Amino acid sequence: MGGCGSVPTVASGEGADEPLPEGVEEQLSSGDGILELSGHKMPRLPASICNLSEILNKLYLSGTMITELPDDFYQLENLRTLALDANKLPELPEALCSLPNLGRLYIGANHLQGLPMSFARLQSLRILWIERNFLYQFPRVLLSMPGLRCLQMGDNRLKGLPSEIATAMPGLKGLWLYANRFDRVPKVLLRLRGLEILDLDKNRITEFPDMSRMKGLRLLSYDHNPVKGPPKVAETVTLVGEGAQEFMEEREEQRKHSEEEEQEEREREQQEAENKEAEGDEEEEEEGQEEELYEEEEGEAEEREESPNGNYYPESEEEDYYLEEEQDYMEDQEYYPDEGQYYNQWYK
């Protein structure tokens, strides 16, 4: 295959001698595997591009006006992103359906009316943009691709969706259905519980069902429909459409009011808990004092029992006892004359 230092060519076949547009070498020299050819007008893509299979990861061919791809295009087995939007492809080339690692495909604004059954081989595909084509029916081959996460189908001719989509594509996160011909919301959408983004702009919807059961939904756009008033959705959903701004402002006010009430309730419960705790501390303190007094009385009783002479006098009783003893002594002094007077009288 041709390396980064030279413009790749092929040995034979239609377009074999056609070089790739200028600047390819410089782009590929960075080593990031990205080749941007959008806007380069070419009747067909040079087959020499198929020699870049080992180094090419992302290829952008938007607005190149090509109508076909080389037969050996499937050789770009490391290709992960391919942009073919705004071209003139009447149908999707079979060679594209054999890219084993393709994860992102942009084929909007072509002339496609459907997808081939071989499209189901793209099991690595996660993002598909197929807007601005001529799809009158949902391509049923997509029901064989449970790995799809984002499906852009805006600006087609769709009127309905298959009922199997909820079970066949459970991993779908984003679905764009704007500018189609829906006159009602397909009931199957209510069963896409994992859907996060839903765009129903510019349809003919006059009434919305209760969509609050779509718990995963984060964004719903319903603008430019004849419906009056926003649909009923979960509180986490952002709405885009007529009356949505006023509705979300009112919902936000209600949410803030509810949060304030909940905060007041939490503070009131916390205050009550603190009051109960304080009352409990007072009761424990009183119980502690009573227990301490009881222990003192118990101690005094034990001391009385353990006294060696068997006599024990509480402080009040002991004080009364010594007062009585002192009184007796004072009375005894009246029976004895003054010692000085007695001796003076004896030796006189």
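This is a predicted model, so every value here is computed, not measured. (Residues numbered from 1 in each chain as written. Predicted model: local features only at pLDDT ≥ 70, side-chain atom pairs only at ≥ 80, totals over all residues. Heavy atoms only, no water.)

Secondary structure assignment for the chain yields 5 helices and 10 strands. Burial status across the chain gives 37% buried among its 348 residues. A sequence separation of at least 24 residues applies to 29% of the contacts in the chain between residues at least 6 apart. Total accessible area on the chain stands at roughly 21900 Å², and carbon and sulfur atoms take up 45% of it. (Helix = DSSP H or I, 4+ residues; strand = E, 2+ residues; numbered from the N terminus. Buried < 20%, exposed > 50% of the residue type's maximum accessible area, 1.4 Å probe, protein only. Contact = heavy atoms within 4.5 Å. Areas by Shrake-Rupley, 256 points an atom, 1.4 Å probe, with all protein chains shown as cover.)

Moving on, we get to a nonpolar patch on the surface. A contiguous nonpolar patch, built from Ile197, Leu219 and Val240 and spanning about 180 Å² of accessible area, is present on the exposed surface. The topology assignment puts isoleucine 197 in strand β8 (residues 197-199). (Patch = residues over 30% accessible without salt bridge, like charges linked within 9 Å, V, L, I, M, F, W, Y side chains within 5 Å. Salt bridge = Lys/Arg side-chain N within 4 Å of Asp/Glu carboxyl O.)

If you walk through the whole model with that rule in mind, you get 2 aromatic pairs. With a centroid separation of 5.8 Å and 75° between ring planes, the pair formed by phenylalanine 208 and tyrosine 222 is classed as edge-to-face. Of this pair, phenylalanine 208 sits in the loop between β8 and β9 (219-221) while tyrosine 222 sits in the loop between β9 and β10 (238-240), and the two are 14 residues apart along the sequence. Among the residues examined, phenylalanine 208 registers a relative accessible area of 12% and is labelled buried. Judged by its relative accessible area of 2%, tyrosine 222 is buried. (Phe/Tyr/Trp six-rings, centres within 6.5 Å; stacked < 30°, edge-to-face > 60°.)

When a protein is soluble and globular, its nonpolar side chains tend to lie buried together. Formed by 78 residues in total, the largest nonpolar core has its most connected members in Leu59, Phe73, Leu82, Leu96, Phe119 and Leu128. Those elements that provide at least two residues to this core are α1 (24-28), α2 (165-168) and α3 (244-306). Considering each element in turn, this core owes the most residues, 3 residues, to α2. Beyond its immediate stretch of four places on either side in the chain, leucine 96 contacts Leu69, Phe73, Leu82, Leu84, Leu102, Leu105 and Leu122. (Core = buried A, V, L, I, M, F, W, Y, C linked by side-chain atoms within 4.5 Å.)

All right, on to the environment of leucine 84 then. Relative to the assigned elements, leucine 84 resides in the loop between β3 (81-83) and β4 (104-106). Sequence separation of leucine 84 and methionine 65 is 19 residues, and the distance between their C-alpha atoms is 9.4 Å. When near neighbours in sequence (up to four residues on either side) are disregarded, leucine 84 contacts Leu61, Ile66, Leu69, Leu89, Leu96, Tyr106, Ile107, Gly108 and Asn110.

Functional significance is not addressed by these values, which are geometric in nature.
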